[in-house]
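Descriptive structure summary
Here are the chains, one letter per residue:
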Amino acid sequence: QGTKKFKTQKDLLNELYKYGGDFNAFTSKSETVFYITIHNDYVEKAFDIISDSFFNSLFLEKNLKKEKKVVINEINQYLSDPNTLMFYGLDEITFKNTTFEKDIAGSKETVTKIDINIIKNFINLFYLQNVILSVSGNININKTKKLIHKYFNHTLNYPCHKLENFLSKDRILYNNHIFHQKKLNSQCILRKDSQSFIGISFPSYQYNDIKKFKLNIIIEILSGYMGS
């Protein structure tokens, strides 16, 4: 929504469109991904734009207000979908008392309470480490390494009022979560819909275990793309 070099989103996108590029992002419970797709000849332009967005975003109050409305509309859309609600119910049972228990979008109340200072505290905490920069395509490796050192050679830090105890130490992360299920747990979400959805969840391998790929095959054999 604007950076030090590109004051508005329109400025940033216009610069990118000159080179046939596209800038997008997505979020899951374990990662936030920002990516640019562009022609091989203009890889450095992609580095310039994405590094400026990473280190020098403006975080203007007027833009935050607009984006809050977008997120709240998405939350309302999710809550109207019975299939999505089924997955929400599964996560609440499977990951109870962990950071994965609730959906990443939050609620209308939590989104409304977010301010610029909270966002900057969050970025300074989580975007300082565990950041992966991935470049793929028909590109020269040595040139790419030089571009990485040129555009990502300093530490991220957004000036803000530091919030003490920003995140509770009692929160349990996914990789520390141990299942102690002794009996079947279930949850029923009643709605006046014409379709019903059933989900089953059970303990499995860790996220980085190579056996996860075998599980993906089993998932396809058991269900594939069958609907309700």
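The coordinates are above.
The shown structure was predicted, so the numbers you read here are calculated from the model rather than taken from an experiment. (Residues numbered from 1 in each chain as written. Predicted model: local features only at pLDDT ≥ 70, side-chain atom pairs only at ≥ 80, totals over all residues. Heavy atoms only, no water.)

A separate point is the overall build of the protein chain. When you go through the protein chain residue by residue, the secondary structure sums to 8 helices and 2 strands. Going from the N terminus to the C terminus, the protein chain shows its helices and strands as α-β-β-α-α-α-α-α-α-α. Projected onto the principal axes, the alpha-carbon positions of the protein chain cover approximately 55 × 40 × 40 Å. Within the span of the protein chain, comprising 228 residues, buried residues form 23% of the whole. Look at the contacts in the protein chain between residues 6 or more apart in sequence, and 74% of them connect residues 24 or more apart. When the accessible surface of the protein chain is totalled, it reaches about 17700 Å², and 55% of it is carbon and sulfur. Mean positive and mean negative side-chain charge positions of the protein chain (31 and 23 charges, respectively) differ by 3 Å. (Helix = DSSP H or I, 4+ residues; strand = E, 2+ residues; numbered from the N terminus. Buried < 20%, exposed > 50% of the residue type's maximum accessible area, 1.4 Å probe, protein only. Contact = heavy atoms within 4.5 Å. Areas by Shrake-Rupley, 256 points an atom, 1.4 Å probe, with all protein chains shown as cover. Lys, Arg positive; Asp, Glu negative; His and termini not counted. Charge placed at Lys NZ, Arg CZ, Asp CG, Glu CD.)

This part is about the packing of aromatic side chains. Aromatic rings considered in pairs are described by the distance between their centres and by the relative angle of their planes. By the definition in use, this model includes 12 aromatic pairs. Pairing Phe 54 with Phe 152 gives two aromatic rings, centres 6.2 Å apart and planes at 50°, and the pair type is tilted. Placement of the pair is Phe 54 in helix H2 (residues 43-56) and Phe 152 in the loop between helix H7 (141-151) and helix H8 (212-222), with a sequence separation of 98 residues. Centroid distance Phe 122 to Phe 126: 4.6 Å. Interplanar angle 40°. Geometry classified as tilted. One end of the pair, Phe 122, and the other, Phe 126, are both in helix H6 (residues 116-126), 4 residues apart, so they sit about a helical turn from each other. You can call Phe 122 partly exposed: its relative accessible area is 38%. Exposure remark for Phe 126: the relative accessible area of 40% places this residue in the partly exposed category. One aromatic cluster is present, built from ring pairs that chain together Phe 34, Phe 47, Phe 54, Phe 55, Tyr 127, Tyr 151 and Phe 152. Lys 212 extends its terminal NZ or CZ atom over the ring of Phe 213, reaching a point 5.6 Å from the ring centre. (Phe/Tyr/Trp six-rings, centres within 6.5 Å; stacked < 30°, edge-to-face > 60°. Lys NZ or Arg CZ within 6 Å of the ring centre and 35° of its normal.)

This next bit is on unusual backbone geometry. One can expect most non-glycine residues to show negative phi and most peptide bonds to be in trans. Positive phi is not limited to glycine here, since Phe 59 has a value of about 50°. As for its position among the elements, Phe 59 is in the loop between H2 and helix H3 (61-79). For Phe 59, a relative accessible area of 23% puts it in the partly exposed group.

In this section: the pattern of salt bridges. The full count for this structure, using the stated rule, is 8 salt bridges. Among the ionic pairs, Glu 15 bridges to Lys 45, the shortest N-O distance being 2.8 Å. Of the two residues, Glu 15 is situated in helix H1 (residues 9-17) and Lys 45 in helix H2; the sequence distance between them amounts to 30 residues. Neither residue differs from the other here; Glu 15 and Lys 45 are each classed as buried. The closest approach of N and O atoms between Glu 92 and Lys 102, which form a salt bridge, is 3.4 Å. (Salt bridge = Lys/Arg side-chain N within 4 Å of Asp/Glu carboxyl O.)

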